[in-house]
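# Fold and geometry: a report
The lines below spell out each chain.
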There are 4 protein chains.
Amino acid sequence: MRHTGKAARWLALSTRLATRLRTLQQQVVVVQLGGAAGTLAALGKEGLRVMEMLAHDLGLGVPDLPWHAERDRIGEVAAGLGVVAGAMGKIATDIALLAQTEVGEVSTGAAGAGGSGRSSAMPHKRNPVEATTALACSRMAIGTVPVILGAGVQEHERATGGWQAEWQAVPELFRFTSGAVQWVLRALSSLQVDAERMQANLNLTHGLIMAEALTTALVPHLGRSEAFRAVQRVSDRAAQTRTNLRDVAAADAQIRAVLSPQALERVFDVSAYLGSTDTFIDRALADFRSMRPQAPAR
Amino acid sequence: MRHTGKAARWLALSTRLATRLRTLQQQVVVVQLGGAAGTLAALGKEGLRVMEMLAHDLGLGVPDLPWHAERDRIGEVAAGLGVVAGAMGKIATDIALLAQTEVGEVSTGAAGAGGSGRSSAMPHKRNPVEATTALACSRMAIGTVPVILGAGVQEHERATGGWQAEWQAVPELFRFTSGAVQWVLRALSSLQVDAERMQANLNLTHGLIMAEALTTALVPHLGRSEAFRAVQRVSDRAAQTRTNLRDVAAADAQIRAVLSPQALERVFDVSAYLGSTDTFIDRALADFRSMRPQAPAR
Amino acid sequence: MRHTGKAARWLALSTRLATRLRTLQQQVVVVQLGGAAGTLAALGKEGLRVMEMLAHDLGLGVPDLPWHAERDRIGEVAAGLGVVAGAMGKIATDIALLAQTEVGEVSTGAAGAGGSGRSSAMPHKRNPVEATTALACSRMAIGTVPVILGAGVQEHERATGGWQAEWQAVPELFRFTSGAVQWVLRALSSLQVDAERMQANLNLTHGLIMAEALTTALVPHLGRSEAFRAVQRVSDRAAQTRTNLRDVAAADAQIRAVLSPQALERVFDVSAYLGSTDTFIDRALADFRSMRPQAPAR
Amino acid sequence: MRHTGKAARWLALSTRLATRLRTLQQQVVVVQLGGAAGTLAALGKEGLRVMEMLAHDLGLGVPDLPWHAERDRIGEVAAGLGVVAGAMGKIATDIALLAQTEVGEVSTGAAGAGGSGRSSAMPHKRNPVEATTALACSRMAIGTVPVILGAGVQEHERATGGWQAEWQAVPELFRFTSGAVQWVLRALSSLQVDAERMQANLNLTHGLIMAEALTTALVPHLGRSEAFRAVQRVSDRAAQTRTNLRDVAAADAQIRAVLSPQALERVFDVSAYLGSTDTFIDRALADFRSMRPQAPAR
């Protein structure tokens, strides 16, 4: 359930970004026609009409002015894709951390002996190659963003270096951002969750994950500061003695004085301590489903 | 006039960015409240209502889900300001290039002997300090963007390093972007244009700036390839002999055969070769004036 | 022992970098004196002698030529510190990963209830704040490197923006690199290792960490490909049945046919499988100890 | 002569960098062999000897320890090449600025009509394509440096993303740095200097370039502050009246009172105001010539 919430946030993040990319596309995909000096002078009185007709034929928007040396639209694209690359890196990092041998809550990739994630030196290891590759793509994509933003500092009506750097950097940005999306997709498509291990890891904390719930229950009785101190005391004792927090709390005089055994039982009911998780999951799914399928580009 | 067109594009660029920043502000300024695990569990059934009330009290938007570790909104801010920083760098670069001793078409800053741009070693020089400082700010601002995008790769529900890097990088991004805007403003507020020098520089090319006009006039008679070859030929001759292109063209047999002296006069009328410049200037001004003044932030 | 090897590599890394920084300092700390145009013309025939005397008085090296607009030395400093920042990030990352709740092999910081790493929302958690802060510093420091390298692209004898960006970026680079070093130092000074947990984590793999040793023992008998296949087979079986690899290997017909029970026992003796770790530790310590203490800067 | 000094600094810069790259190569090109966990355990007692033999066979240095996850050497390479890329950008920028239509002191590239630098829209323009391409390469190369330094933050003994990012970023760094060097070489190989235009540009300042010399001559008589004020006064007058500084100074009462006509003549003798330029040129050439030719890599 903990990771259902996590996956809902991954989905909400991806939906937000897909929506923004569509908006961005409409804003920035406009024609550029200006002639040698950006005045359309060579076209005489027909300059603006030619620009409009060209835009129409190419299925592009019509800008108010030629923008040859004002690269804000290119910068917006770089920025938008850079945010996507960062988001893919976040999802990939979560997966890689969950897949660590010592955590083991998920695995990814083909399961068989020839699976892509097999370590060559250590046959027992299943490396999260999809997440790892997504992370490499994410780093490369983000690395192009300052190059493109810096290349927006173009000289007069003709750049010396900035424009030419865009020819390299913009395709790389698309290539690596797209790579990050694809590899996250592969990781998620092949994701296997080990619910048993997940539960075991939760138990590793000796009930300490319920410390927030205990604090919340104590605050009305003890005030915030005293409640916090009490929970730190029993948390420390639980950690040092490797005893469950619930048992330590039940034996603590200050806590027993204000919380009955029944109240304590309700505090430590993990299944009741999901807050608004279900609502969040519903919302993330609804947002995703409300995205209109997008017609393919002309 | 050449630089009126340039200034119109500076204005159009700035208007586009101001408009986008306003849109961005509405998208990203939303409350974050999630509790220890992003579930609002400590608030029981009232979690969502508390989140909404907090947003209302702070004048912030209400997100669908808590987003503590999904930093796309922070990334959008970084990206949006990075584009602004790049745009300020473009305007500042144009000013610095125009202010070069050998070009001398503009100067900036206070005119008196104690003016800020005085070189300490060379009293005769007026350095474009406003543009130079804007450029330094622009570079610093853009430098923070990949740090912030990379910091968006945050671990689980709590980042180890990325979040903490934002604490440093986001204020710096605002500081330096704001600095770039302020210094461009100072440069433009104190801009002095030397129209005479501007005309003299145009004449430096021996009429070669009208090569596009000549090509355009020849294409209907000679076809594109042949027209281009003819213009290269007379351009080279004009440059080598330091003669005005108009005189060289008037003496060229192939060109004389298709363009009458009257036609040639019209081709070389610089004042008629402004294309849609006036329309572009009108549009840039209209777009700027149509921006609603923005109420100050609460 | 596994982590003794890791710490030895941290030490070797730090020793290499400290040594290189000393070399770098000698290379780059040279005087700059050139006058308005880098010719020392204002000093007549005495220019070079004045430059040498100034260098001597300031305790700086003497360059062959003035270098006002050739920023390679500044770039070398940026690059050298950027490598240090990356190295500190590596050590901090290792610590943060070892300190994860699910791994728990190390903890850092003051142990008491008021220790700096206490989570405000979750009293039971001890966040690795030292490592986390070091990572934030590392990211910020690395972020300044391309700004400084890009600022090395300076115009003629006087930069418009690049030089001024250095004024901001170079101090930040020193500040954040130094911060990264200091926070790694604090993390290491307060590092507490949980050897028991470390052993337990090793056991989590059901002996699979000895897969390399088993492969090595089988290669002389089965050839590399066949040995690798055999180890994958028993590794998969061990993982699926949660049985120790040793027991699975002992029951495997192909392996039993070539390795006696005694041979198998030697293969799975972890304490004998440390390779050259001890030598590496000795070398790392010797390299560190051989660094001469450095006299404080004048 | 002014640009001879500039070229000497370009040469000194290039010589310094070539020397450092050779040193760097010896430091960082060492073998990596560690086995699955960096302990050489699979090789038993022979691990170190195998590592040494492998290094010998490959013509590589022998490190003290395996360094699989300590990427300082890769970082040093990135840093060293990034400095080279910045330096190439500096030279290319100088060339591009000198080649501006309004400056016109140099041109580059093939001279003929089909020369690579022909503008397609403006046949009369010779764009400095070599310098421009070098600048684009320089920006791309520098853009990879923070990616590589950041990728040095690798996890434990196996990176999740950083190592994989190096596979993309390191070849790109070499490709683009090498591209920057090659294009600067082409620009310099085809460089044509217009000495006449250079002199004309110097005259553009109405003798103001000698302001430093005048200040220097006045300081012994007037003190630094008063000399500076006097030079500002006559500089302003020269600029406003477009009169030569020499004539304005000769007519200024305060200056006439302390400098005789003969003294003033010596002050304004440009050919005597080269300071140590010749020595610097000789040194730059000597340093370059003293570089031993390097044997090709094995």
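Residues numbered from 1 in each chain as written. Chains lettered and ligands numbered in written order. Predicted model: local features only at pLDDT ≥ 70, side-chain atom pairs only at ≥ 80, totals over all residues. Heavy atoms only, no water.

## Some thoughts on the overall build of chain A
Definition in use: We count a stretch as a helix when DSSP gives it H or I for four or more residues in a row; a strand needs E for two or more, and each element gets its number in order from the N terminus. A radius of gyration in this sense is built from C-alpha atoms; the matching globule rule multiplies 2.2 Å by the number of residues raised to 0.38. For every residue, the accessible area obtained with a 1.4 Å probe (protein chains only) is divided by the maximum for its type, and the residue is called buried under 20%, exposed over 50%, and partly exposed between those limits. Only heavy atoms enter the contact rule, under which two residues are in contact if any of them lie within 4.5 Å.
Broken down by element type, chain A carries 12 helices and 2 strands. The N-to-C order of helical and strand elements in chain A reads α-α-α-β-α-α-β-α-α-α-α-α-α-α. Radius of gyration (C-alpha) of chain A: 28 Å, far over the 19 Å computed for a compact globule of 298 residues. Based on the C-alpha atoms only, the size of chain A along its principal axes is roughly 90 × 50 × 35 Å. Out of the 298 residues in chain A, the part that is buried amounts to 53%. Contacts spanning at least 24 positions in sequence make up 70% of the contacts within chain A whose residues lie at least 6 apart.

## Examining the confidence of the model for chain A
To keep things clear, this is the line we draw: Scored between 0 and 100, pLDDT is the confidence that the predictor attaches to each residue.
Chain-level pLDDT for chain A is 89 on average; 92% of the residues reach the 70-or-more range. Our summary of model confidence lists the complex with pTM equal to 0.92 and ipTM equal to 0.89.

## Quick word on helix α2 (residues 47-58) of chain B
Quick reminder of the rule: Helix span, as expected, comes to 1.5 Å for every residue beyond the first. The directions from the helix axis to the C-beta atoms form the arc being described.
Taking 1.5 Å as the rise per residue, α2(B) with 12 residues should run 16 Å; its terminal C-alpha atoms sit 17 Å apart, in good agreement. Taken residue by residue, α2(B) has G47(B), L48(B), M51(B) and A55(B) as its buried positions. Summarising the axial view, the buried residues of α2(B) lie within an arc of 100°, below the 170-degree limit, and thus occupy one face. What points out from α2(B), more than 90 degrees from its buried face, is the exposed set R49(B), H56(B) and D57(B). Buried-residue contacts for α2(B) involve α12 (277-289) of chain A. In the segment just after α2(B), G59(B) is the residue with positive phi, at about 70°.

## Structural notes on the interface of chain A and chain B
Counted only if it meets this: Buried area is a sum: the accessible area each of two parts loses on coming together, probed at 1.4 Å, counted once for each and added. For this document, the term salt bridge refers to a Lys or Arg side-chain nitrogen within 4 Å of an Asp or Glu carboxyl oxygen. Two N or O atoms count as a polar contact when they lie within 3.5 Å, although within protein this holds only if one can serve as hydrogen donor and the other as acceptor, and sequence-adjacent residues are included solely when both atoms are side-chain atoms. Here the term charged refers only to Asp, Glu, Lys and Arg, the term nonpolar to Ala, Val, Leu, Ile, Met, Phe, Trp, Tyr, Cys and Pro, and the term polar to all other amino acids, Gly among them.
With 66 residues of chain A at the interface, the matching set in chain B holds 66 residues. Both faces considered, chain A and chain B share a buried interface measuring about 5,700 Å² in area, 59% of it formed by carbon and sulfur atoms. Of all residues in chain A, R9(A), L65(A) and F280(A) bury the most surface against chain B, accounting for 12% of the area lost on that side. Between chain A and chain B we count 12 salt bridges in total. The interface formed by chain A and chain B includes 24 residue pairs in polar contact (both at pLDDT 80 or more). Counting residues per element, the ones that place at least two in the side of chain A that touches chain B are α1 (2-28), α2 (47-58), α3 (72-98), α4 (129-151), α7 (211-222) and α12 of chain A. Residue composition of the side of chain A that touches chain B, by class: 30 nonpolar, 19 polar and 17 charged.

## Considerations on the relation of the copies chain A and chain B
Operational definition: Copy-to-copy alignment: least squares on C-alpha atoms, limited to residues at pLDDT 70 or above in both.
Mapping chain A onto chain B is achieved by rotating through 180° and translating by 0.0 Å along the same axis, at an RMSD of 0.1 Å. Such a combination of rotation and displacement between the chain copies is what one expects of a two-fold axis. The position closest to the rotation axis in chain A is occupied by the C-alpha of A79(A), lying 2.3 Å away. Mapped onto chain B, 100% of the interface residues of chain A are again interface residues, and the two copies thus contact each other with one and the same surface.

## Here's the deal with the pattern of salt bridges
If you walk through the whole model with that rule in mind, you get 52 salt bridges over all chains. Residue R16(B) pairs with D72(A) through a salt bridge whose shortest N-O separation is 2.7 Å. Taken together, the residues span two chains, with R16(B) in helix α1 (residues 2-28) and D72(A) in helix α3. Here R16(B) and D72(A) have matching classes, each one buried. The network of salt bridges with shared partners includes K6(A), R9(A), E70(B) and E157(B).

## Focus on unusual backbone geometry
Positive phi outside glycine occurs at L40(C), with the angle close to 60°. Tracing the backbone shows L40(C) in the loop between α1 (2-28) and α2 (47-58). Residue L40(C) is classed as buried on the basis of its relative accessible area, which comes to 2%. For R242(D), which is not glycine, the phi torsion reads 50° and is therefore positive. Summarising the element assignment, R242(D) is placed in the loop between α8 (224-241) and α9 (245-250).

## Concerning the packing of aromatic side chains
Put simply, the rule reads: For this analysis, a ring pair means two rings from Phe, Tyr or Trp (six-membered ring only for Trp) whose centres lie within 6.5 Å, classed as stacked if their planes differ by under 30 degrees, edge-to-face if by over 60, and tilted for the remaining angles. Either the NZ atom of lysine or the CZ atom of arginine qualifies as a charge over a ring when it sits within 6 Å of the ring centre and within 35 degrees of the ring normal.
Counted under the stated rule, the structure contains 4 aromatic pairs over all chains. When the ring of W163(B) is compared with that of W167(B), the centres are 5.0 Å apart and the planes differ by 70°; the resulting orientation is edge-to-face. Here W163(B) and its partner W167(B) are both found in helix α5 (residues 162-189), 4 residues apart, which amounts to about one turn of the helix. Taking the ring centre of F176(A) as reference, the NZ or CZ of R175(A) above it sits at 4.5 Å.

## Details of the packing of α3(A) against α4(A)
Residue and element names in this part refer to chain A. What counts here: In this description, a line fitted to the C-alpha atoms serves as the axis of each element, helices being fitted only across the stretch in contact, and the angle between N-to-C directions of two axes falls anywhere from 0 to 180 degrees. If an angle is under 35 degrees, it is roughly parallel; if it is over 145, roughly antiparallel; if it lies from 65 to 115, roughly perpendicular; otherwise it is oblique. Note on convention: the crossing is left-handed when the near helix lies turned anticlockwise from the far helix by less than a right angle, right-handed when the turn is clockwise.
Here α3 crosses α4 at 155°, and the two axes come no closer than 8 Å. Between α3 and α4, the angle is such that the two are roughly antiparallel. Classified by chirality, the crossing of α4 by α3 is left-handed. Within the contact between the two elements, α3 uses I74, G75, A78, G82, A85, G86, G89, A92, T93, I95 and A96 and α4 uses A131, A134, L135, S138, A141, I142, V145, I148 and L149. Broken down by class, the residue content of the contact of α3 with α4 amounts to 14 nonpolar, 6 polar and no charged.

## Here we look at helix α6 (residues 195-203) of chain A
Turning to α6(A), its buried residues number three or more, namely R197(A), M198(A), N201(A) and L202(A). The buried side chains of α6(A) occupy one side of the element, clustering within an arc of 145° when seen end-on.

## What to know about the packing of helix α4 (residues 129-151) of chain B against helix α4 (residues 129-151) of chain C
Helix-helix packing is described using two parameters, namely the angle between the two axes and the distance between the axes. Following both chains from N to C, one finds α4(B) and α4(C) inclined at 145°, their axes separated by 9 Å at the closest point. Relative to α4(C), the crossing made by α4(B) is right-handed. Taking contact as the criterion, the partners of R139(B), M140(B), G143(B), V147(B), G150(B) and A151(B) in α4(B) are, on α4(C), R139(C), M140(C), G143(C), V147(C), G150(C) and A151(C).

## So, the side chain of Q164(A)
Assignment of secondary structure puts Q164(A) in helix α5 (residues 162-189). Among residues more than four places away in sequence, those in contact with Q164(A) are R158(A), A159(A), T132(D) and A136(D).

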